[in-house]
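This is what each chain is made of:
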Amino acid sequence: MTKRFLAAAAFVLLSSTVSATDIGATFETACPFGDCAAGISLSYLGEFVIPTGHMENGVEFGGISGLDFDAATGHYLAISDDRSERGPARFYELDVDVDASGLKGVSVVKQVTLKDKNGAPFAARTVDPESIRLGKDGIYWGSEGDGKALLAPFVRVASPDGSFVREFKLPEGFAPTADKSTGIRDNLAFEDLAVAPSGDVFVGVEAALYQDGPNPSLTSGSLSRIVRYDGATGEPKAEYVYPVSPIPQAATKANGGNDNGMSEMLALDDHRLLAVERSYAQGFGNSIKIMMMDLTDATDVSAIASLAKNDQRVVPARKSQVLDLRAIGLVPDNIEAMSLGKAKGGTDVLILGSDNNFSTSQKTQFYAFKILRRPQQ
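Conventions used here
Residues numbered from 1 in each chain as written. Predicted model: local features only at pLDDT ≥ 70, side-chain atom pairs only at ≥ 80, totals over all residues. Heavy atoms only, no water. Helix = DSSP H or I, 4+ residues; strand = E, 2+ residues; numbered from the N terminus. Buried < 20%, exposed > 50% of the residue type's maximum accessible area, 1.4 Å probe, protein only. Contact = heavy atoms within 4.5 Å. Areas by Shrake-Rupley, 256 points an atom, 1.4 Å probe, with all protein chains shown as cover. Disulfide = S-S within 2.5 Å. Pairing = 2+ DSSP bridges. Axes fitted to C-alpha atoms, helices over the stretch in contact; angles between N-to-C directions.

A. Here's a closer look at the overall build of the protein. The number of helices and strands found in the protein is one helix and 23 strands. Taken over the C-alpha atoms alone, the protein extends approximately 50 × 50 × 50 Å along its principal axes. Across the 377 residues of the protein, 57% fall into the buried class. Sequence-distant contacts, at least 24 apart, represent 60% of the contacts inside the protein between residues at least 6 apart. When the accessible surface of the protein is split by element, carbon and sulfur atoms take 51% of a total near 14100 Å².

In structure tokens form, the structure reads like this:
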């Protein structure tokens, strides 16, 4: 969850002269990684914005950091990254009004409080919800943890009413440490969650663990780990390396900061996933790129304690850019949520959502794309 450099965002959003892409504009990547069976084609269906400050049941709406489609209801589950500070940690059921002619609206159907292991709402700052998916036995959701407070990240399963069902096992090397020798970096931990058709669950960190190397910079990337779980048991099966790209844009404000990280993943099948690389540069704004990755030949690095001090050959996940939101004429906010879904007429769609950080200089933004073609097995 990006909470840095918010002061300049209002100017960026209000002063931009970039015009939005026309409805129906098509974007195709015919052969990612040179693999034409992995081709993907999307058609733009529009944007919908919910302003910061919107209230639902007396609680401020925002912080949307994960999104998933529920075929049983035709609605979407969306998790808020509120750390039980504005209201109890929660997820929403959303109605996304989109059809072949465009994205017309997003509305809240209901709000559900997440419960801790004791059946109570989470106390303030004891959780940082960042991702949500529907699994075979419930709602899978992830907490980023808190590196400063030494709170470990986790993935749990909840019932539809938000009650605790079970927790996945955290692999060695991910828990935060006081000396920062190993484990998650603060605010750069479990951001990404995907469920494959097989039931396997993928969980990714936004940027490298301390022992695996540095954060992204303008000249070098970062080695993020993706954990592959057996969804039925919650036991880790493998770990892979996802190479986060260097920061794509320097800050345009004097002495301004910038960053880049993997803010979401979405399974297309059992080995291909989409990933959001979300960057922010102070004075410029967000850069959002959608990547496709393929884990087929990626090395299982679960037995490698440190990628930075490793002499074994490691093959990372292959990746290929399939969409750059700024390059197609959009002005994206802090995109952290991504879901496949169905439009009102049954059309396959890709929905993106942003985390407004509950900041008046940002907004909750949704984008919709019609899926014209997706990878074939």
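B. Focus on the state of the cysteines. Taken as a whole and assessed by the stated rule, the structure comprises one disulfide. Note on cysteine connectivity: Cys31 is disulfide-linked to Cys36, with sulfurs 1.9 Å apart. Between Cys31 and Cys36 the sulfur-sulfur dihedral comes to about 90°; the bridge is accordingly right-handed. Residue Cys31 is classed as partly exposed on the basis of its relative accessible area, which comes to 30%.

C. Fine view of the sheet that holds strand 9 (residues 129-135). Pairing is antiparallel in the open sheet, where four strands are placed in the order 9-10-11-12. The outermost strands of the open sheet, each flanked by one partner alone, are strand 9 and strand 12 (164-167). Averaged over all pairs of adjacent strands, the angle between their axes in this sheet comes to 25°, without regard to strand direction. Bridge count between strand 11 (residues 154-158) and strand 12: three bridges; the pairing is antiparallel. For Arg156, the partnering residue across the bridge sits in strand 12 and is Glu167.

D. Quick peek at the pairing of strand 18 (residues 272-281). For strand 18, the buried fraction is high: 10 of the 10 residues fall into the buried class. Going residue by residue along strand 18, you find Arg272, Leu274, Val276, Arg278 and Tyr280 tucked away on one face and Leu273, Ala275, Glu277, Ser279 and Ala281 tucked away on the opposite face as well. With nine bridges connecting them, strand 17 (residues 258-267) and strand 18 associate as antiparallel partners. Its bridge partner lying in strand 18, Ala267 is registered against Leu273. Between strand 17 and strand 18, which follow one another and run antiparallel, lie four residues. Sheet analysis places strand 18 next to strand 19 (residues 285-294), joined by 10 bridges and oriented antiparallel.

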